[in-house]
Amino acid sequence: MSDSVPIPFARPWITDGDRQAVLEVLNGHILTHGPQCKSFEQEFTEFLGGGHCVSVSSCMAALHLAYLHFGIGPGDEVIVPAQTHAATVHAVEWVGATPVFVDCDSRTGNLTASAISLALTPRTKAISVVHFAGIACDMPPIVDLAQRHGLRIIEDCAIALGARHQGRHVALFGDAGCFSFYPVKHMTTGEGGMFVTRHEAVASAVARLRAFGVDRTHSERTVPGMYDVPSLGLNYRMSEIQAALGRSQLRRMPDVLTQRASLFNQYRTLLGDLPQVRLIDTDAPESRSSHYCVSAVFEGEYAGRRNDVVTKLNASGIGTSIYYPQPVPRMTYYRNKYGFLPGAYPQATRISDQSVALPLGMHMTEKDVNRVVAMLKQSLAEADSGKGPGR
Ligand SMILES: *Cc1c(COP(=O)(O)O)cnc(C)c1O
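What counts and what doesn't
- Residues numbered from 1 in each chain as written.
- Predicted model: local features only at pLDDT ≥ 70, side-chain atom pairs only at ≥ 80, totals over all residues.
- Heavy atoms only, no water.
- Domains from an automatic or database assignment.
- Contact = heavy atoms within 4.5 Å.
- Buried area = accessible area lost by both parts, 1.4 Å probe.
- Pairing = 2+ DSSP bridges.
- Helix = DSSP H or I, 4+ residues; strand = E, 2+ residues; numbered from the N terminus.
- Near = heavy atom within 4 Å.
- Polar contact = N/O pair within 3.5 Å; in protein donor to acceptor, adjacent residues only side chain to side chain.
- Areas by Shrake-Rupley, 256 points an atom, 1.4 Å probe, with all protein chains shown as cover.
- Nonpolar A, V, L, I, M, F, W, Y, C, P; charged D, E, K, R; others polar.
- Phe/Tyr/Trp six-rings, centres within 6.5 Å; stacked < 30°, edge-to-face > 60°.
- Buried < 20%, exposed > 50% of the residue type's maximum accessible area, 1.4 Å probe, protein only.
- Lys NZ or Arg CZ within 6 Å of the ring centre and 35° of its normal.

(A) Looking closely at the domain arrangement of the protein chain. According to the domain assignment, the protein chain consists of domain 1 (16-250) and domain 2 (253-384). The C-alpha-based centres of domain 1 and domain 2 are spaced at 26 Å. On the domain 2 side, the residues contacting the 40 residues of domain 1 number 36 residues. For the pair domain 1 and domain 2, the summed buried area comes to about 3300 Å², and 58% of that belongs to carbon and sulfur atoms. Three residues stand out in domain 1 for area buried against domain 2, namely Phe-101, Arg-107 and His-186, and they jointly supply 20% of the buried area on that side.

Here it is, written out as structure tokens:
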């Protein structure tokens with residue numbers, strides 16, 4: 001098996017069209033502050049079906065800008081999922097606010113309005129939701145809760161490009177939505193991100209904040225080089241090179257979503273007869289997942305088998321990952337700062353300790369999925385019959 005062609009967990013999909021788009025920017029003279037970012041922002045709005053977009057250097061930058069813009073800081077609490085990427089919580093830490101971790105739903109890995117409501121205090125200022133593995137959170141009750149308590153909603157959409165709830169794209173429910181174009185995400189610009197908001201005034205303020213706080217863009221300057229700085233800012237801009245790549249990638253998103261959905265459905269069918277392996281999934285008819293990855297949770301007598309299965313899959317050339325490897329409150333920085341009680345956040349802990357993310361993406365065929373599933377079943381069967389890892 002080890003001499004089969006490797007199947008990486010993920011691989012960026014770069015075409016000749018992408019290379020051409022990047023080359024055209026390099027052959028020109030404008031590497032930043034140019035038309036590519038503007039067009040990318042417009043085309044992203046069209047793809048989402050609404051919102052105002054501000055291109056930025058990463059999803060983490062977009063999240064940081066959101067908290068800075070909404071004035072969330074020391075003394076404020078922000079609800080965050082325990083089951084997420086560290087970036088979701090780091091953004092809260094950087095503005096000096098306090099993250100309040102909430103456990104996720106076991107089936108979808110997402111926060112629910114009822115779990116959030118139990119964690120609210122008079123100091124709560126915002127709710128950060130993460131649409132886990134491409135499954136949109138059930139947003140209407142969360143929006144309702146936020147409105148009743150006067151809270152901001154920051155959506156971390158890093159792994160949810162293409163995900164919709166009741167036909168509306170994620171990022172268009174809350175006050176801000178943040179996307180990532182890191183290489184293994186749905187589409188890439190190398191590094192990069194998009195800040196999205198339904199409010200034009202928020203978008204223009206965040207656009208200034210991302211560019212040193214200057215009061216006018218290059219095209220708005222009547223005297224070249226002349227500008228003022230009325231407020232503090234950062235440099236979180238995206239370059240023209242990245243934006244050109246992003247525009248080219250974005251055009252292929254419909255194909256990406258179709259292929260991911262079809263491979264995911266194949267996994268779901270093939271793994272359906274394994275009673276102790278459960279996929280992070282949804283059957284809510286109003287939810288359209290963007291199928292970021294296939295997160296398989298081992299339960300019952302398979303609960304302790306994850307690392308063994310990962311070793312065997314990797315040894316046979318099949319790449320895997322773990323989304324996410326630790327509940328954030330258990331990561332050393334957060335554990336040292338806020339403490340971590342054993343048994344806290346049981347659902348997030350189960351996903352971190354008992355799941356494997358199987359490969360899914362444009363680099364894969366139906367045959368590859370068959371091979372991954374066969375190997376997964378074989379590793380579990382070997383462990384069942386006491387053959388061990390065979391080393
Ligand atoms: C990848 C990821 C991020 C970070 O994205 P960057 O663009 O690398 O900053 C944030 N949140 C979630 C949920 C992610 O998966």
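(B) Up close: the sheet that holds strand E6 (residues 164-165). The sheet built from 3 strands is open, its strands ordered E7-E6-E11 with antiparallel pairing. Two strands in the sheet have a free side with no partner beyond their single neighbour: strand E7 (168-169) and strand E11 (287-288). Alignment of E6 against E11, held across 2 bridges, turns out to be antiparallel. If you follow Arg-164 over to E11, its bridge partner there is Arg-288.

(C) Quick peek at the site of the ligand. What surrounds the ligand is a group of 16 residues, the closest being Cys-59, Asp-156, Ser-180, Lys-185 and Tyr-324. A distance of 2.9 Å separates an oxygen atom of the ligand from a polar side-chain atom of Lys-185. In this structure, Tyr-324 approaches the ligand through a side-chain N or O atom, which is 2.5 Å from an oxygen atom. Protein contact buries 93% of the 390 Å² of open area that the ligand shows by itself. Of the residues that constitute the shell around the ligand, the class distribution is 8 nonpolar, 6 polar and 2 charged.

(D) Representation of the packing of aromatic side chains in the model. The final tally for this structure, using the stated rule, is 13 aromatic pairs. Aromatic side chains Phe-44 and Phe-179 sit 5.2 Å apart centroid to centroid with 75° between the ring planes, which places their arrangement in the edge-to-face category. Taken together, the residues span a long stretch of sequence, with Phe-44 in helix H2 (residues 35-48) and Phe-179 in strand E8 (residues 176-180) at a distance of 135 residues. For the residue pair Phe-44 and Phe-179, the accessibility class agrees, reading buried in each case. Here the aromatic rings of Tyr-334 and Tyr-338 are separated by 6.5 Å at their centres, their planes lie at 15°, and the arrangement is stacked. Remark: Tyr-338 and Tyr-334 occur in helix H11 (residues 332-338); sequence separation between them is 4 residues, near one turn of the helix. A residue is classified by how much of its surface remains accessible, and Tyr-334, at 1% relative accessible area, is buried. Taken together, the ring pairs connect Phe-101, Tyr-333, Tyr-334, Tyr-338, Phe-340 and Tyr-345 into an aromatic cluster. Across the ring face of Trp-13, the terminal group of Arg-252 is positioned such that the distance to the ring centre comes to 4.1 Å.

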